[in-house]
Amino acid sequence: MNKIKNSDGNFGQFGGSYVPDFLQTPLKELESYFLKYINDFDFQKELEYYFKEYIGRKSPLYYAKNLTSSIGGAKIYLKREDLNHTGAHKINNAIGQALLAKRMGKKRIIAETGAGQHGVATATACALFGLECIIYMGALDTKRQELNVFRMELLGAKVIAVTKGTATLKDAVDEALNDYAKNYANTFYLLGSAVGPHPYPIMVREFQSIIGKEAREQILAIEGRPPNYLVAAVGGGSNAIGLFHPFFDDNNVKIVGVEPGGKSDENGDHAASICKGKVGIIHGFKCYTLQDDKGEPLAVHSIAAGLAYPGVGPEHSYYKEIARAEYVSVSDDDALKAFSILSKTEGIIPALESAHAVAYGMTLAKTLSKDQIIIINLSGRGDKDVQQVKEMSERTK
Ligand SMILES: *Cc1c(COP(=O)(O)O)cnc(C)c1O
């Protein structure tokens, strides 16, 4: 049996469960089922089965030879989460939580989504397991992401457009929480990143840790040693913690999380919660967060919608505090350049989120010798971003 790290929900001063009393009951129930099943042999077998046969795991660890030689420094490997079914890492967590919901006897799944990617992953898992699926989405976001709304509906989900407040993600979260508080007897709240109150951050980490477990085995098989660096983009932090966590005890492996630096350092122009935020509470947990003097979340921006969140997972906040990892930021422009460079050198169009990690990985590789190794998490593919990039390039012509 594996001992689950941080099973009390605390990461140093970070994490915890700062929610009203009426939500403590369902969260306690969720915690006890999660801790039971994460070490259950049959549950793990079933999870492994869907990871392999449905998602298509394991994902390759690809040596990016062209990119490496065009830079002339460290060897760059890409962990190809973009090759998963539905095109990103999010499906690992959606399948894991949906399987847990089934074990708990909950037949109704709710989730909130901003850009729509987590909504699509959730709707996919619900279609697979025959679960009712309700997705809360800000009304403004449903207009910006029409195609993802249609995708979710094709998959059998019901998308509820939230018109309250700013009609964006924040308001969708509030509505989803109201629903959960009323309906938790038959409803499972499927959260999309390594954030939120306990037990979500450890639960999401455990389901995403497959990324780092595979990468560790793969690099040992190919190179006979661990890498010198791990690099991953950090929004809420799920793809990054999935890669990082299994390397935590490899003291010689340096870890770098890449935050969205956006357009400028001004408030509202970026979403670099660790680099530019302070310690506070957001959505039921303690972390580095971008908030005003009253504790209200600030507006955030990133060219990559999936990175635009004014908080960050408690485990990353803790890695930062104990200096186990370093956190940097990459601007919209540099992410866009990396998007284009990886497409041309390797024939791989990355998600704009992942392009942040690629951009930093390239900069880092330049400073290192040829015998060093970097693993970059390619969290998703860029098909979803092609239209946006086309429109931007036409505007600047
Ligand atoms: C959602 C998303 C992210 C950001 O979320 P994390 O929880 O920080 O991983 C990164 N890359 C892709 C492709 C995404 O869809």
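Here is a short report on the structure shown in this document. Predicted, not measured: the structure shown is a model, and the values here were computed from it.

A closer look at the packing of helix 5 (residues 117-129) against helix 7 (residues 146-154)
At a minimum axis separation of 9 Å, helix 5 and helix 7 run at an interaxial angle of 10°. Classed by the angle they form, the pair helix 5 and helix 7 counts as roughly parallel. Touching Gln-117, Gly-119, Val-120 and Ala-123 of helix 5 are Asn-148, Arg-151 and Met-152, all from helix 7. In terms of residue class, the contact of helix 5 with helix 7 is made up of 3 nonpolar, 3 polar and 1 charged.

A closer look at unusual backbone geometry
A cis geometry characterises the amide bond from Arg-57 onward to Lys-58, with omega recorded as 5°. In this chain, His-198 is followed by Pro-199 through a cis amide linkage whose omega measures 10°. Mapped onto the secondary structure, Pro-199 falls in the loop between strand 8 (187-189) and helix 9 (200-208). In this structure, Asn-6 takes a positive phi of about 60° despite not being glycine. Counting through the fold element by element, Asn-6 comes out in the segment before strand 1 (10-11). Of note in the backbone geometry, His-283 takes a positive phi value of approximately 45° without being a glycine.

Re the sheet that holds strand 13 (residues 325-331)
Pairing between sheet strands relies on hydrogen bonds along the backbone, with the strands arranged either parallel or antiparallel. A sheet is described by the order of its strands in space; here 6 strands give the open sequence 3-4-14-9-10-13, paired in mixed fashion. Among the strands making up the open sheet, the edge pair consists of strand 3 (61-63) and strand 13. Across the sheet, the axes of successive neighbouring strands diverge by a mean angle of 25°, strand direction being ignored. Alignment of strand 9 (residues 229-233) against strand 10 (residues 254-262), held across 5 bridges, turns out to be parallel. The residue of strand 10 that forms the bridge with Tyr-229 is Lys-254. Relative to the sheet, helix 14 (residues 332-346) contacts strand 3, strand 4 (75-80), strand 10, strand 13 and strand 14 (373-378), its axis offset from that of strand 13 by approximately 90°.

Section: the site of the ligand
Around the ligand there are 16 residues in total, and Lys-90, Gln-117, Ser-193, Ser-238 and Ser-379 lie nearest to it. Here His-89 contributes a side-chain N or O atom positioned 3.0 Å from an oxygen atom of the ligand. At 2.8 Å, a backbone N or O of Gly-235 approaches an oxygen atom of the ligand. Protein contacts shield 97% of the accessible area of the ligand, which totals 390 Å² for the unbound molecule. Residue classes in the shell around the ligand are distributed as 3 nonpolar, 11 polar and 2 charged.

With respect to the nonpolar core
One finds Ile-95, Leu-100, Phe-188 and Leu-243 to be the most contacted residues of the largest nonpolar core, which totals 87 residues. Sort the elements by how many residues they give to this core and helix 4 (residues 90-103) lands first, with 7 residues. Core analysis: the next-biggest nonpolar cluster, separate from the first, contains 36 residues, Ala-64, Val-328, Leu-352 and Ala-355 among them.

Overview of the pattern of salt bridges
Summed over all chains, the structure comprises 25 salt bridges. One salt bridge connects Lys-28 with Glu-31, and the closest N-O pair in it is separated by 3.2 Å. Of this pair, Lys-28 and Glu-31 are both found in helix 1 (residues 21-37), 3 residues apart, which corresponds to roughly one turn of the helix. Between Glu-214 and Arg-57 there is a salt bridge, with its nearest N and O atoms 2.9 Å apart. Placement of Glu-214 in helix 10 (residues 210-223) and of Arg-57 in the loop between helix 2 (41-55) and strand 3 is noted, with a sequence separation of 157 residues between them. Overall, Glu-214 belongs to the buried group, its relative accessible area being 9%. A single salt-bridge network, built from bridges that share partners, covers Asp-40, Glu-46, Lys-102 and Arg-103.

Cut-offs and rules
Residues numbered from 1 in each chain as written. Predicted model: local features only at pLDDT ≥ 70, side-chain atom pairs only at ≥ 80, totals over all residues. Heavy atoms only, no water. Axes fitted to C-alpha atoms, helices over the stretch in contact; angles between N-to-C directions. Helix = DSSP H or I, 4+ residues; strand = E, 2+ residues; numbered from the N terminus. Parallel < 35°, antiparallel > 145°, perpendicular 65-115°, else oblique. Contact = heavy atoms within 4.5 Å. Nonpolar A, V, L, I, M, F, W, Y, C, P; charged D, E, K, R; others polar. Pairing = 2+ DSSP bridges. Near = heavy atom within 4 Å. Polar contact = N/O pair within 3.5 Å; in protein donor to acceptor, adjacent residues only side chain to side chain. Areas by Shrake-Rupley, 256 points an atom, 1.4 Å probe, with all protein chains shown as cover. Core = buried A, V, L, I, M, F, W, Y, C linked by side-chain atoms within 4.5 Å. Buried < 20%, exposed > 50% of the residue type's maximum accessible area, 1.4 Å probe, protein only. Salt bridge = Lys/Arg side-chain N within 4 Å of Asp/Glu carboxyl O.

Everything listed here is a matter of geometry and, on its own, says nothing about what the molecule does.
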